[in-house]
Amino acid sequence: MTVPTLMNTYGQPAVSFTRGEGVYLYDKTGNRYLDALSGIAVNTLGHSHPAVTEAICQQAGALIHTSNLYGIERQQQLSASLCKVSGMDNVFFGNSGAEANEAAIKIARLYGHNKGITQPQIVVMENAFHGRTMATLTASGNRKIQAGFEPLLGGFVRAPYGDIAALESIAKNNANVVAVLLEPIQGEAGVNVLPEGFMTSLRQLCDQQHWLMMLDEVQTGNGRTGAYFSYLLEGIYPDVVTTAKGLGNGVPIGACLARAEAAAVFGPGNHGSTYGGNPLVCAAAQVVVDTIVEDKLCDNASTIGNFLLQGFKESLSGNNWVTDIRGKGLMIGIELGRPCTELVGLARDQGLLINVAAGNVVRLLPPLIIDQQQAQHLLTTLSEIINAFEPKD
Ligand SMILES: Cc1ncc(COP(=O)(O)O)c(C=O)c1O
């Protein structure tokens, strides 16, 4: 028996994989699994995408890392591409989603201090998930991930998700608020979608109040919902947007993008990261951004996403356990009226990798390259599994 030398943070994994190709993963005995989770919204272009592999190999052969004490041409090229696809003005690169959100939180606080607000507050949402660092777990609205790590940070105000009246009330009563931070779709909380028109109303409120509108697109970004960033579907621009996950297709990269006044907040010395945006990760992410655009993967996410959403609505219509089916693009949640984590194992036995969020929502985040035939297989197999599911009491 091997002595465990890894910290006990992830539980006991039921399976591990030795290689991947496209939308498929393979275990060491050669069993094939359709990956409808993409490493939790990471493998946008699928596994072992040849252009990503080539870019990583070439860059590793030339230069992996120099630190941000020196100019990094690839970083400049990638920031220009990201600004083009997002409508934002500038970018800070870190290594993860949590770090991207840390940068956003620091921008909001410094923005407040620059306006003379010495105790700046950021409005965050119930059930939010923004990461596991101290600031981002404080910003998250989930007691389970906070418990035991008190004292939490100050400077956050909680509001119900998607409730513009609650934000208007905070605006009337709290002059220390400088920003609002939220996910356009709450992924970890169970694929919760904002009400129609909410983003536009929030944009107006932020303009009136001079609050920074900050969107956490760590999970929704990079084409997942059918546009490069999901706010583009609403025709508005936030002041700050954070992303990670799908940006690197598996290499660790996070980015905090800012626009207008927010883009001018940080100056030299205000923030930094040793690895952030090094040549290796930027080379990989450049291929990801270019491929999403050139291969029209946002359109594919939208087309296949609609096909799956409609398909599940039809195939699960007679299932009394299924209480809601929702999502945008290739971010889909199937909510059951009771806990259903056993579905993960049942699906895996059928060669399908899925996830259950919040205990009762099947969450699907397949690679954006998934084709119609693969989507049909996902739809048929998962519908059969859910329809045959007899929850244990
Ligand atoms: C919306 C959102 N924000 C932030 C994070 C944290 O990202 P990371 O795990 O890369 O720090 C996640 C991860 O699931 C996320 O879904």
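Quantities reported herein were computed from a predicted structural model and do not represent experimental measurements.

**Side note on the packing of helix H7 (residues 164-173) against helix H8 (residues 198-209)**
1) Next: For the pair H7 and H8, the least separation of the axes is 10 Å and the interaxial angle reads 5°. Relative to H8, the element H7 is oriented roughly parallel. Side by side, H7 and H8 meet where Ile 164, Leu 167, Glu 168 and Ala 171 of the first sit next to Phe 198, Ser 201, Leu 202, Leu 205 and Gln 209 of the second.
2) Next: For the contact of H7 with H8, the class distribution of residues is 6 nonpolar, 2 polar and 1 charged.

**Looking at a nonpolar patch on the surface**
1) Next: On the surface, Met 134, Phe 149 and Leu 153 cluster together to form a nonpolar patch covering roughly 260 Å² of accessible area.
2) Next: Residue position: Phe 149 is located in the loop between helix H6 (143-146) and strand E6 (156-159).

**As for the site of the ligand**
1) Next: Surrounding the ligand, one finds 13 residues, the nearest of these being Gly 97, Ala 98, Asp 216, Gln 219 and Lys 245.
2) Next: Glu 188 is positioned such that a nitrogen or oxygen atom in its side chain is 3.5 Å from an oxygen atom of the ligand.
3) Next: In this structure, a nitrogen atom belonging to the ligand sits 2.7 Å away from a side-chain N or O atom of Asp 216.
4) Next: Per-element accounting of the shell around the ligand gives the leading share, 3 residues, to helix H4 (residues 97-114).
5) Next: Here the shell around the ligand is composed, by residue class, of 3 nonpolar, 6 polar and 4 charged.

**Overview of the confidence of the model for the protein**
1) Next: Averaged over every residue, the pLDDT of the protein is 97; residues scoring 70 or more account for 99%.
2) Next: Strand E11 (residues 240-243) holds the highest mean pLDDT among the elements of the protein, 99, whereas H6 holds the lowest, 96.

**Points about the pairing of strand E13 (residues 322-328)**
1) Next: Bridging between E13 and strand E14 (residues 331-336) involves 6 bridges; their strand directions are antiparallel. Bridge pairing links Ile 325 to Ile 334 in E14.
2) Next: Once E13 ends, the chain turns through 2 residues before running back antiparallel as E14, passing Gly 329 with a positive phi of about 55°.

**Some details on the nonpolar core**
Generally speaking, soluble globular proteins have nonpolar side chains that are buried together.
1) Next: Counting 85 residues, the largest nonpolar core has Leu 82, Ile 334 and Val 362 as the members making the most contacts within it.
2) Next: The element best represented in this core is helix H10 (residues 279-294), accounting for 8 residues.
3) Next: For Ile 334, the residues in contact, after removing those within four places along its chain, are Phe 312, Leu 316, Val 322, Asp 324, Ile 325, Asn 360, Val 361, Val 362, Leu 382 and Ile 386.
4) Next: Within the second largest apolar cluster, 23 residues are counted, among which are Phe 156, Val 178, Leu 212 and Met 214.

**With respect to the pattern of salt bridges**
Close approach of charged atoms allows side chains with opposite charge to pair.
1) Next: Applying the stated rule across the entire model yields 9 salt bridges.
2) Next: The shortest N-O distance in the salt bridge between Arg 19 and Glu 21 comes to 3.5 Å.
3) Next: On the basis of relative accessibility, which here comes to 45%, the residue Arg 19 falls in the partly exposed class.
4) Next: Judged by its relative accessible area of 47%, Glu 21 falls in the partly exposed class.
5) Next: Salt bridges here are not isolated pairs; linked through shared partners, they connect Arg 203, Asp 207, Asp 239 and Arg 259.

Cut-offs used in this document
Each chain has its residues counted from 1, following the order in which its sequence is written. Under the rules for a predicted model, residues below a pLDDT of 70 receive no local features and side-chain atom pairs below 80 are neither given nor counted, while totals for whole chains, interfaces and linings still include all residues. With hydrogens and water stripped out, all remaining heavy atoms of the structure feed into the side-chain values. An axis is simply a line fitted to the C-alpha atoms; with a helix, the fit covers only the stretch in contact. Between two such axes, the angle follows the N-to-C directions and lies from 0 to 180 degrees. Think of it this way: any DSSP run of H or I at least four residues long counts as a helix, any run of E at least two long counts as a strand, and we number them from the N terminus. In these notes the angle categories are as follows: under 35 degrees is roughly parallel, over 145 is roughly antiparallel, 65 to 115 is roughly perpendicular, and the rest is oblique. Whether two residues touch is decided by their heavy atoms; if any such pair falls within 4.5 Å, the residues are in contact. Charged means Asp, Glu, Lys or Arg here, nonpolar means Ala, Val, Leu, Ile, Met, Phe, Trp, Tyr, Cys or Pro, and polar covers whatever is left, Gly included. Nonpolar side chains (Val, Leu, Ile, Met, Phe, Trp, Tyr) are joined into patches within 5 Å and like charges within 9 Å, using only residues with over 30% relative accessible area and no salt bridge. For accessible areas, the Shrake-Rupley method is used with a probe of radius 1.4 Å. Any residue's cover is judged against the shown protein chains and nothing else. Salt bridge, as used here, is a side-chain nitrogen of Lys or Arg placed within 4 Å of a carboxyl oxygen of Asp or Glu. Neighbouring residues are identified by heavy atoms, a residue being near a molecule or strand if any of them is within 4 Å of it. N or O atoms closer than or at 3.5 Å make up a polar contact, with two conditions inside protein: a donor-capable atom paired with an acceptor-capable one, and, for residues adjacent in sequence, both atoms drawn from side chains. Within a predicted model, pLDDT stands for the predictor's per-residue confidence, ranging from 0 to 100. Note on pairing: DSSP must find at least two bridges between two strands before they are called paired. Take the buried Ala, Val, Leu, Ile, Met, Phe, Trp, Tyr and Cys residues and link them wherever side-chain atoms come within 4.5 Å; each set so joined is a nonpolar core. Classification of residues uses two cut-offs on accessible area relative to the type maximum, computed with a 1.4 Å probe and protein chains only: under 20% is buried, over 50% is exposed, and between them is partly exposed.

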